Amino acid sequence: MIESVGVFILGLCLGSFLNVCIARLPENKSIIKPRSFCPECKKSIKWYDNLPVLSYLFLGGKCRFCQKKISIVYPVVELITASLFLFLYSRFGLGLNLANYSILFFLLIVVSFIDIKYHAIPAYLCVLGIIIALVISFFPSLEMLKAGDVPSLGVLPIAGAVKGALFGLGFAYFFKLFGDLFIGLYLSIRKKESIEGEKESLGLGDVDFMGMVGAFLGWQAAILIFFLAPFVALTYTIFALIFKRSHLIPYLPYLSIATFIVFVWGADIWNFIVIL
Ligand SMILES: [Zn+2]
């Protein structure tokens with residue numbers, strides 16, 4: 001119990017760091033310096049006002065100095081990060097698996113919330129994810145060399161990670177080309193400029209994202225995620241219609257939720273499809 005609480009608190013602090021990444025990376029600012037400040041009045045935030053979730057509740061969601069509202073996104077990101085971290089820890093314990101999948105899901109949180117805010121993500125983020133996945137995949141490969149057998153770790157060996165990355169990128173790019181062709185035809189026939197502001201089927205950010213999840217989770221997972229995401233999007237759209245919230249959400253959050261579902265139930269879904 002105490003162990004879980006400790007892991008959760010560590011997760012909250014990691015979530016706090018992800019908040020800094022979400023706020024600063026799209027503006028090309030350093031994520032290390034300066035220390036946190038209020039985006040409205042620019043006053044630097046004292047440590048006791050910067051405790052994950054608690055400070056938000058204690059301050060009533062307002063800046064201590066200028067009383068401007070603090071975005072609810074901050075505590076939400078912290079709670080999601082901490083819950084995921086605790087989930088991964090309870091599943092894998094300390095070790096390479098925890099590091100591997102924490103990095104994957106932390107990257108997903110960062111790109112999703114940046115995409116929600118800016119409708120675009122810094123191009124290097126998913127590429128960085130692919131590189132990290134390939135580097136981590138060296139460890140099970142080494143283990144395989146030693147044991148001369150299948151590695152005991154869940155992390156993909158290097159061949160699987162490379163295959164997953166290339167497959168994810170190629171697969172998504174193929175659908176992007178076809179989708180763009182289709183949309184282009186539609187627009188020229190209907191003599192329109194765009195469909196609700198969209199001219200592309202998938203953005204290059206979505207393609208890079210597919211390369212990243214392929215590198216971390218393998219090519220089968222990439223296929224499942226790609227075809228599951230539209231259903232996640234559809235579910236949200238139905239909820240949005242029922243509750244009359246017509247926020248147009250970009251695609252990466254749906255892909256991220258699909259990734260989590262496939263991470264947890266992917267093997268079951270895959271086996272079910274293969275049997276069919
Ligand atoms: Zn302020």
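Every chain is numbered on its own, with residues counted from 1 as its sequence reads. At least 70 in pLDDT is required for a residue's local features to be given in this predicted model, at least 80 for side-chain atom pairs to be given and counted, and no such filter applies to totals for whole chains, interfaces and linings, which use all residues. Each side-chain value is derived from all of the structure's non-hydrogen atoms; neither hydrogens nor water enter the calculation.

## Topic: the domain arrangement of the protein chain
Here comes step 1: What the domain assignment reports for the protein chain is domain 1 (1-93) and domain 2 (95-276).
Here comes step 2: The start and end points of each domain follow an automatic or database-based domain assignment. Each of domain 1 and domain 2 has a C-alpha centre, and the two are 25 Å apart.
Here comes step 3: Should any heavy atoms of two residues lie within 4.5 Å, those residues are counted as being in contact. Facing the 21 residues of domain 1 at the interface are 19 residues of domain 2.
Here comes step 4: A simple way to read buried area is as the amount of 1.4 Å-probe accessible surface that goes missing from two parts once joined, with both sides added. Looking at the side of domain 1 facing domain 2, the largest losses of area belong to I22, L88 and F92, adding up to 28% of the total buried there.
Here comes step 5: Put simply, a salt bridge is a Lys or Arg side-chain nitrogen that is within 4 Å of an Asp or Glu carboxyl oxygen. Scanning the region where domain 1 abuts domain 2 turns up zero salt bridges.
Here comes step 6: Here a polar contact is recorded for every N or O atom pair within 3.5 Å, except that within protein the pair must consist of a potential hydrogen donor and a potential acceptor, and residues adjacent in sequence are included only if both atoms are side-chain atoms. In this assembly, domain 1 and domain 2 are joined by one residue pair in polar contact (both at pLDDT 80 or more).
Here comes step 7: Of all elements in the fold, only α1 (2-24) and α3 (73-92) reach the threshold of two or more residues within the side of domain 1 that touches domain 2. A run of H or I in DSSP becomes a helix once it reaches four residues, and a run of E becomes a strand once it reaches two; helices and strands are each numbered from the N terminus.

## Points about the coordination of the zinc ion
Here comes step 1: Coordinating donors are taken to be N, O and S atoms lying within 2.8 Å of the metal, or within 3.2 Å when the metal is Na, K or Ca; because water is excluded from the atom set, some sites may appear incomplete. For the zinc ion, the full set of protein donor atoms is C38 (SG), C41 (SG), C63 (SG) and C66 (SG), at a range of 2.3 Å.
Here comes step 2: Between 85 and 135 degrees for all angles marks four donors as tetrahedral; over 155 degrees for opposite donors together with 65 to 115 for all other angles marks four donors as square planar and six as octahedral; every other arrangement is irregular. Geometry at the zinc ion is tetrahedral, judged from its four donor atoms and the angles of 105 to 115 degrees they form at the metal.

## Examining the confidence of the model for the protein chain
Interpretation of this model should avoid reading the predicted coordinates in detail wherever pLDDT is low.
Here comes step 1: Counting all residues, the mean pLDDT for the protein chain is 88, and 93% of those residues have values of 70 or more.
Here comes step 2: Mean pLDDT values for the elements of the protein chain range from 68 in helix α6 (residues 138-147) up to 96 in α3. pLDDT runs from 0 to 100 and stands for how confident the predictor is about each residue.

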